[in-house]
Amino acid sequence: MVFINNQAKTDLDNIVIGLLEWKKVILTVPEVMQYVDDIVNICYQLDTAICHTRVRYKDHLKYGRYSYLYKRNRNTVWYIIYDINDFDNVFVNKIINNYLTIS
């Protein structure tokens, strides 16, 4: 089972706001909602993943032990950072993009 914590939900809300206010590209509300729904759908599939990748960046370690890299386009990568408990439940803790990641 997958659980999305409050911080990750806030991150998703902020993604919606950021995309709607983005001056570089104008997106419609349905396009923005689909964008975020795509990220959410990936989150809910993490519990069926065959393998889980450990976080790559030190900055991500404060949010969890594992990360899923979602390459949205050639410029934007989203990191879904999560933990797994002893019962194989996935806890999504943070959703951050490559622009905010310190490598």
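Note: the structure precedes this text.
The text that follows walks through the structure, step by step, so that each part is easy to find. Treat the numbers as computed from the prediction; the structure is a model and nothing was measured.

### What about the nonpolar core?
Counting residues in each nonpolar core, the largest one holds 23 residues, and the members touching the most others are L12, I15, I39, W78, I80, V92 and I95. Elements represented by at least two residues in this core include exactly β1 (2-4), α1 (6-21), α2 (29-43), β2 (66-71), β3 (77-84) and β4 (90-97). Y57, V77, Y79 and I81 belong to the second-largest nonpolar core, a separate cluster that totals 6 residues.

### Focus: the side chain of S67
Along the chain, the position of S67 falls in strand β2. On the accessibility criterion, S67 (9% relative accessible area) is buried. Beyond its immediate stretch of four places on either side in the chain, S67 contacts T53, R54, V55, R56, I80, I81 and Y82.

### Some points on the packing of α1 against α2
Contact geometry of α1 with α2 gives a least axis separation of 10 Å together with a crossing angle of 150°. Looking at the two axes, α1 sits roughly antiparallel to α2. α2 is crossed by α1, and the crossing has right-handed handedness. Within the contact between the two elements, α1 uses L12, I15, V16, L19 and L20 and α2 uses V29, V32, M33, Y35, V36, I39 and V40.

Basis of the calculations
Residues numbered from 1 in each chain as written. Predicted model: local features only at pLDDT ≥ 70, side-chain atom pairs only at ≥ 80, totals over all residues. Heavy atoms only, no water. Core = buried A, V, L, I, M, F, W, Y, C linked by side-chain atoms within 4.5 Å. Buried < 20%, exposed > 50% of the residue type's maximum accessible area, 1.4 Å probe, protein only. Helix = DSSP H or I, 4+ residues; strand = E, 2+ residues; numbered from the N terminus. Contact = heavy atoms within 4.5 Å. Axes fitted to C-alpha atoms, helices over the stretch in contact; angles between N-to-C directions. Parallel < 35°, antiparallel > 145°, perpendicular 65-115°, else oblique. Left-handed = near helix turned anticlockwise from the far one by under 90°.

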